[in-house]
There are 4 protein chains.
Amino acid sequence: MLIRAGYDIAFETTQAVPMLANLSIHSSRNKDLRTAQRIMTTPDVPIYDYVDSFGNVCTRLTIPAGGITISCGFVIEDPFTPDIVNPDARATPVEALPDDVMMYLLGSRYCETDRLSDTAWALFGRYTPGWELVQAIVTYAHERIRFDYQTARPTKTAWDAHEERQGVCRDFAHLAITLCRCMNIPARYCTGYMGDMDLPAIVGEMDFSAWFDAYLDGTWYTFDARHNYPRAGRILMARGRDATDAALTNTFGPVVLTRFDVYTDENRVPF
Amino acid sequence: MLIRAGYDIAFETTQAVPMLANLSIHSSRNKDLRTAQRIMTTPDVPIYDYVDSFGNVCTRLTIPAGGITISCGFVIEDPFTPDIVNPDARATPVEALPDDVMMYLLGSRYCETDRLSDTAWALFGRYTPGWELVQAIVTYAHERIRFDYQTARPTKTAWDAHEERQGVCRDFAHLAITLCRCMNIPARYCTGYMGDMDLPAIVGEMDFSAWFDAYLDGTWYTFDARHNYPRAGRILMARGRDATDAALTNTFGPVVLTRFDVYTDENRVPF
Amino acid sequence: MLIRAGYDIAFETTQAVPMLANLSIHSSRNKDLRTAQRIMTTPDVPIYDYVDSFGNVCTRLTIPAGGITISCGFVIEDPFTPDIVNPDARATPVEALPDDVMMYLLGSRYCETDRLSDTAWALFGRYTPGWELVQAIVTYAHERIRFDYQTARPTKTAWDAHEERQGVCRDFAHLAITLCRCMNIPARYCTGYMGDMDLPAIVGEMDFSAWFDAYLDGTWYTFDARHNYPRAGRILMARGRDATDAALTNTFGPVVLTRFDVYTDENRVPF
Amino acid sequence: MLIRAGYDIAFETTQAVPMLANLSIHSSRNKDLRTAQRIMTTPDVPIYDYVDSFGNVCTRLTIPAGGITISCGFVIEDPFTPDIVNPDARATPVEALPDDVMMYLLGSRYCETDRLSDTAWALFGRYTPGWELVQAIVTYAHERIRFDYQTARPTKTAWDAHEERQGVCRDFAHLAITLCRCMNIPARYCTGYMGDMDLPAIVGEMDFSAWFDAYLDGTWYTFDARHNYPRAGRILMARGRDATDAALTNTFGPVVLTRFDVYTDENRVPF
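Conventions adopted
Residues numbered from 1 in each chain as written. Chains lettered and ligands numbered in written order. Predicted model: local features only at pLDDT ≥ 70, side-chain atom pairs only at ≥ 80, totals over all residues. Heavy atoms only, no water. Helix = DSSP H or I, 4+ residues; strand = E, 2+ residues; numbered from the N terminus. Buried < 20%, exposed > 50% of the residue type's maximum accessible area, 1.4 Å probe, protein only. Contact = heavy atoms within 4.5 Å. Areas by Shrake-Rupley, 256 points an atom, 1.4 Å probe, with all protein chains shown as cover. Lys, Arg positive; Asp, Glu negative; His and termini not counted. Charge placed at Lys NZ, Arg CZ, Asp CG, Glu CD. Pairing = 2+ DSSP bridges. Axes fitted to C-alpha atoms, helices over the stretch in contact; angles between N-to-C directions. Buried area = accessible area lost by both parts, 1.4 Å probe. Salt bridge = Lys/Arg side-chain N within 4 Å of Asp/Glu carboxyl O. Polar contact = N/O pair within 3.5 Å; in protein donor to acceptor, adjacent residues only side chain to side chain. Domains from an automatic or database assignment. 1 Å grid on protein atoms, 1.4 Å probe; cavity = no way out; pocket = protein on both sides within 12 Å on 5 of 7 lines; lining within 4 Å. Points joined across faces, edges and corners; volume = space filled by probe spheres on them. Least-squares fit on C-alpha atoms with pLDDT ≥ 70 in both. Phe/Tyr/Trp six-rings, centres within 6.5 Å; stacked < 30°, edge-to-face > 60°. Lys NZ or Arg CZ within 6 Å of the ring centre and 35° of its normal. pLDDT = per-residue confidence, 0-100. Nonpolar A, V, L, I, M, F, W, Y, C, P; charged D, E, K, R; others polar. Left-handed = near helix turned anticlockwise from the far one by under 90°.

- Naming follows an unreviewed UniProt entry, where chain A appears as Transglutaminase family protein of Sphingomonas ginsenosidivorax.

Here you go:
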């Protein structure tokens, strides 16, 4: 299936402000592109990409005084099959984890494994390490947190979300990730486009979504504590230890976000 | 100057526990070795190293039921000159920072840049970005925190240390790092051996030390908010965004540390 | 199955000579170690490892004037199953190859794809791209070259081996690799220990072996143009584009190899 | 100084042909861009970049049946100062070379160090390792080879160029690189734009140029055996062990190059 996706984002600023951003699809999806994916800016400014250690395509540019509009659109092929469910997947023992997976057991800015470890073992110590355990964690996070856009804040951590019991999709992900790591299951944060066949695609009323991967039986499996059921059409943009590594934009100075339109549309592809 | 350094560490455990550890000097110091640096264990268990994206030599092993002793000793050449002081160093503008330095501007587990940003700008906004600014931050952290081994805890963050006003060397480093990042100065956490010419070298009464690097004028400069004066004889073991990336040991199960002897000795080298 | 393996190598030299060497098992096999794998030297000299972009563990040391003995022994777990045969494996189309596999289509020191391309297409153009094609290439190389230790020389390339029709195991590998690349099948050179159940294990009469991997259907498969049948017990030490990347030792000055004992023994493991 | 540079390249083909190309400036120059650098194709096809281990920005696309035009233009800031001359630079001893520099001492496809080693030591053994030695090698290569476009061929190696005594800029580079490596001086191949203040800039009559870097005293210095004097305005596109790693395009199927216009122009920048 072909999906057309893209965004239109604008910032206002009174001075030049350097920006580091994840504005492209993740490098692991490059081969699925069916058009070029060119980031255009108004005004046209110098811009370049590099790839970080997570495979994220990081874009650097400086927002000129006055502001900038950044837009991108592309067509990508996607199987549009729901997330794989494999109840037989077992946890890989820590000593058998690949070296480059080990970091996903440690704490990070929004995932305070040290603070939630006792809670995790009390809640989940009785589960067999594997799919059943991760699913129990996902359901717990799904039920623990009430979705509420009003309570979103950049400083909210897994601990905070667990205590306050409300949050947005990134908080659901951070809580589930943290609990997985406490139980010695590597987990990583993911963000990207996610179309929704359940709903009419309404251009301009979408946001990037957050979900996570858990490492079981030598494979990364996708889980979504916000929705807690298998979804189709995820187009990964960035991943990492938590939202710090996968932030859409980091700006190093005062800016105001004045437009944020994101769209994915699996129906309107003109092929 | 030749320095003899090493450690002797023991853990007790009732079951096999996987471990990930930074037990070697940092790869950037390998060329200064004047002997081999072999990690020996009792009992003798499978053990291997990999190098992470920070250049840290990470060791993986499984502590067998009953426990383990890990020891290492080596001789290294060191200029034993105090940390460089360069008051003329200017901050590199964010847009000119190398791509691989950008991550050291972001938040991390123990460095909540988002929570300390307002404090940082209120305190340090009037300084010229560069050496003077970093030194002001170091002095502030040095004076803000009272050194107290009793208050050490693994969950303590820069924010916590700032509020509680007490901590150990890693808390001094985390606070200074966080304030630097808030002011758009990249900063990274360092840990390693540090001899002390001021004091008689007393084998067995030393600990690994923590300090940090700030990036100015295209170079990483060493700062030490715990001591707040230039020191000689630092032998880097690990560095990263904060203590998470540079932990001496991460154990994935219950263990008890029963011995922790670290030594550096610039006098007793038999050459 | 447990395999005991190791080596005992000695060099004589009249002056200090720097060395770069592949003296450890490949990092992909580290988890299979059942003992530590420590490289010991006589005399005891500074020595350290780094890992190159191929995952090879590269050792640096300087041979002191007079010479050195280097030895290592370890026990490793190995399935001891023959190389996988999968006649259904299809070639991955070039446009679908992962980015980090592309380099294995290009020429290299001992694999002159540009010189052998016409030969390759004339001989193998009629085969279906996939297992059948690679197997035809392996059989061709196996029959084209007569094994002859006397004709080994460090400068011999795939082209040379094809013309001269004699060589050693590395020449068989280079020729097959080159022909695979000409046909748009990525191929990489491998070297390591290889036990032989067909023969009594005779310590001191073994050499490191060379074989290669071809990339089909998203997987690297092992092929051996020297033997041309599936073998068990390969313990990879190094791999790369050709023997340049996987040389046992590179010495930067005049040395004489005075001992070279390699052993693997699947029978004598004392467990 | 601002330089406007770019290219316009066309291929004809009767079938779809995958391509791997170095069509962007090297990542080390990204910060000097004063406009975006977007590669456009006619027809518009899927295209993406990755960065290889040399920092080269590698582009992947498939030329559709019928052919393609690829073009790019950008403005870059350049000091336009001649290559640095530092006769005091000493060779870094092999044992002190950084780990990631070691590969530039080894042989590669077009640089047969093993075949030219005796020649190198006979010719240059008497020179002090350092600038003087590299300059002697550059002068030797410059004089040994007669520039002749007619004799260019993709299979020509340093050895071939040395024997045939004619070649193009890449052959000058390969010969000098090989001789440097034989003398234990790391050397790497470079290709890119090079403006020429000596000549009127004639759009469409330029080619990419090849030069090389030698590693002395901890720094890579630029040398040019084709011209043998310091030049200004080099804009690096790709570098590596030799022309294999830095090929403008690798095509995996039959294509005909029908246009190849490259320009740099330091006079016509409209700023």
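Regarding the overall build of chain A
Then step 1. Scanning chain A from N- to C-terminus turns up 4 helices and 14 strands.
Then step 2. Looking at chain A as a whole, 59% of its 271 residues are labelled buried.
Then step 3. Across chain A, contacts joining residues at least 24 apart in sequence account for 78% of those joining residues at least 6 apart.
Then step 4. Of the roughly 10600 Å² of accessible surface on chain A, a fraction of 51% belongs to carbon and sulfur atoms.
Then step 5. Across chain A, the centroid of the 25 positively charged side chains sits 1 Å from that of the 35 negatively charged ones.

Thoughts on the sheet that holds strand β10 (residues 209-216) of chain B
Strand pairing in a sheet relies on backbone hydrogen bonds, with the paired strands running either antiparallel or parallel.
Residues and elements named next belong to chain B.
Then step 1. Taken in spatial order, the 4 strands line up as β11-β10-β9-β12 in an open sheet, and their pairing is antiparallel. A strand with exactly one partner marks an edge of an open sheet, and here the two such strands are β11 (219-223) and β12 (234-240). With direction set aside, neighbouring strand axes in the sheet form an average angle of 35°.

Some words on the interface of chain B and chain A
Then step 1. With 31 residues of chain B at the contact, the number on the chain A side is 31 residues.
Then step 2. Across the interface of chain B and chain A, roughly 2600 Å² is buried in total on both sides, 55% from carbon and sulfur atoms.
Then step 3. It is R60(B), R109(B) and F252(B) that lose the most area in chain B upon contact with chain A, and together they represent 25% of the buried surface on that side.
Then step 4. Between the two partners, chain B and chain A, sit 6 salt bridges.
Then step 5. Between D99(B) and R60(A) there is a salt bridge; the shortest N-O distance is 2.9 Å.
Then step 6. The interface formed by chain B and chain A includes 15 residue pairs in polar contact (both at pLDDT 80 or more).
Then step 7. Residue assignment for the side of chain B that touches chain A shows that the elements contributing at least two residues are β2 (17-21), β4 (47-51), β5 (57-63) and α1 (113-124) of chain B.

Quick look at the domain arrangement of chain A
Then step 1. Domain boundaries in chain A define domain 1 (2-80 + 248-266) and domain 2 (94-232).
Then step 2. Using only C-alpha atoms to locate each centre, domain 1 of chain A and domain 2 of chain A end up separated by 25 Å.

Structural notes on empty space enclosed by the protein
Then step 1. Evaluation of the coordinates by the stated rule reveals 3 cavities of 30 Å³ or more.
Then step 2. Taken as a whole, the largest cavity encloses approximately 650 Å³ of empty space.
Then step 3. Lining the largest cavity we find 28 residues, and of these Q37(B), D49(B), Q37(C), R38(C) and D49(C) sit closest to its centre.
Then step 4. Among the secondary structure elements, those contributing two or more residues to the lining of the largest cavity are β4 and β5 of chain B together with β4 (47-51) of chain C.

Brief notes about the relation of the copies chain C and chain A
Then step 1. Expressed as a screw transformation, the operator carrying chain C onto chain A has a rotation angle of 180° and an axial translation of 0.0 Å, and the superposed copies differ by an RMSD of 0.0 Å. Considering both components of the superposition, the chain copies are consistent with a two-fold axis. Ranked by how close their C-alpha atoms come to the rotation axis, the residues of chain C are headed by S53(C), at 6.9 Å.
Then step 2. Both copies contact each other with a shared surface, as 100% of the interface residues of chain C are interface residues in chain A too.

With respect to the sheet that holds β5(B)
All names here are of chain B.
Then step 1. Strand order in the open sheet made by the 4 strands is β4-β5-β2-β13, with antiparallel pairing throughout. Each of the sheet's edge strands pairs with one partner strand only, and the pair in question is β4 and β13 (249-251). Direction aside, the axes of adjacent strands within the sheet are offset by 20° on average.
Then step 2. Summarising the sheet, β4 and β5 pair through 5 bridges and their orientation is antiparallel. Bridge assignment links D49 to a residue of β5, and that residue is T59.

Describing the packing of aromatic side chains
Pairs of aromatic rings are described using the distance from one ring centre to the other and the angle between the two planes.
Then step 1. Inspection of every chain in the model, using the stated rule, returns 51 aromatic pairs over all chains.
Then step 2. On the numbers, 5.3 Å between centres and 90° between planes, the contact of W131(C) with Y221(C) is edge-to-face. A residue pair is termed long-range when its members are at least 10 positions apart, and W131(C) in helix α2 (residues 131-144) and Y221(C) in strand β11 (residues 219-223) qualify at 90 residues.
Then step 3. For Y221(C), a relative accessible area of 11% corresponds to the buried category.
Then step 4. Taken together, a centroid distance of 4.6 Å and an interplanar angle of 45° make the contact between W131(C) and F223(C) tilted. In this pair, W131(C) is assigned in helix α2 and F223(C) in strand β11, connecting sequence segments 92 residues apart.
Then step 5. Note on F223(C): relative accessible area 4%, which makes it buried.
Then step 6. Cluster of aromatic residues (ring-pair linked, three or more members): Y7(A), F74(A), Y193(A), F208(A) and F260(A).
Then step 7. Residue placement shows R170(C) over the ring face of Y110(C); its charged tip is 4.6 Å from the ring centre.

Let's talk about the side chain of D224(B)
All names here are of chain B.
Then step 1. By the secondary structure assignment, D224 is in the loop between β11 and β12.
Then step 2. Here the side chain of D224 touches R226 through a polar contact of 3.0 Å, landing on its backbone nitrogen.
Then step 3. Apart from residues lying up to four places away in sequence, D224 is in contact with V138, M194, A210, W211, F212, Y229, R231 and R234.

A word on the confidence of the model for chain A
All names here are of chain A.
Then step 1. Residues of chain A with pLDDT of at least 70 account for 94%, and the chain-wide mean is 93.
Then step 2. Here residues 197-205 is a poorly scored stretch, pLDDT under 50, and it has 8 contacts once near neighbours within four places are set aside; other chains count.
Then step 3. Overall fold confidence for the complex sits at a pTM of 0.94, while the interface term, ipTM, reaches 0.93.

As for the relation of the copies chain B and chain A
Then step 1. Rotating chain B by 180° about the axis while translating it 0.0 Å along that axis superimposes it on chain A, leaving an RMSD of 0.0 Å.
Then step 2. A share of 100% of interface residues in chain B that are also interface residues in chain A marks the association as one of identical surfaces.

Structural notes on the interface of chain C and chain A
Then step 1. Contact with chain C, which involves 6 residues of that partner, is made by 6 residues of chain A.
Then step 2. For the pair chain C and chain A, the two sides together bury roughly 340 Å², of which 39% comes from carbon and sulfur.
Then step 3. Put simply, chain C and chain A have 2 salt bridges between them.
Then step 4. There are 2 residue pairs in polar contact (both at pLDDT 80 or more) connecting chain C and chain A.
Then step 5. Residue composition of the side of chain C that touches chain A, grouped by class: 3 nonpolar, no polar and 3 charged.

Quick notes on unusual backbone geometry
Then step 1. That bond from T42(A) to P43(A) is cis: its omega, 0°, falls within 30 degrees of zero.
Then step 2. For P43(A), the location among the structural elements is in the loop between β3 (40-42) and β4 (47-51).
Then step 3. Despite not being glycine, F80(D) shows a phi value in the positive range, around 50°.
Then step 4. For F80(D), the position within the fold is in the loop between β6 (68-77) and α1 (113-124).
Then step 5. By relative accessible area, F80(D) is classed as buried at 11%.

Describing the environment of L105(A)
Then step 1. In this structure, L105(A) sits in the loop between β6 (68-77) and α1 (113-124).
Then step 2. Given the relative accessible area of 5%, L105(A) is considered buried.
Then step 3. On a C-alpha basis, the gap between L105(A) and M1(A) in space is 35 Å, while along the polypeptide they are 104 residues apart.
Then step 4. In this structure L105(A) touches V94(A), L97(A), T113(A), R181(A), N184(A), I185(A), P186(A) and F252(B), once residues within four positions along its chain are discounted.

Thoughts on the packing of helix α2 (residues 131-144) of chain A against helix α4 (residues 169-182) of chain A
When two helices pack together, their arrangement is given by the angle between their axes and by how far apart the axes lie.
All names here are of chain A.
Then step 1. Two numbers describe how α2 lies on α4: the axes approach to 9 Å, and their chain directions differ by 145°. In this structure, α2 meets α4 at a crossing whose hand is right-handed. Touching V134, I137, Y140, A141, H142 and R144 of α2 are F172, L175, A176, L179 and C180, all from α4.
Then step 2. Residue composition of the contact of α2 with α4, grouped by class: 9 nonpolar, 1 polar and 1 charged.

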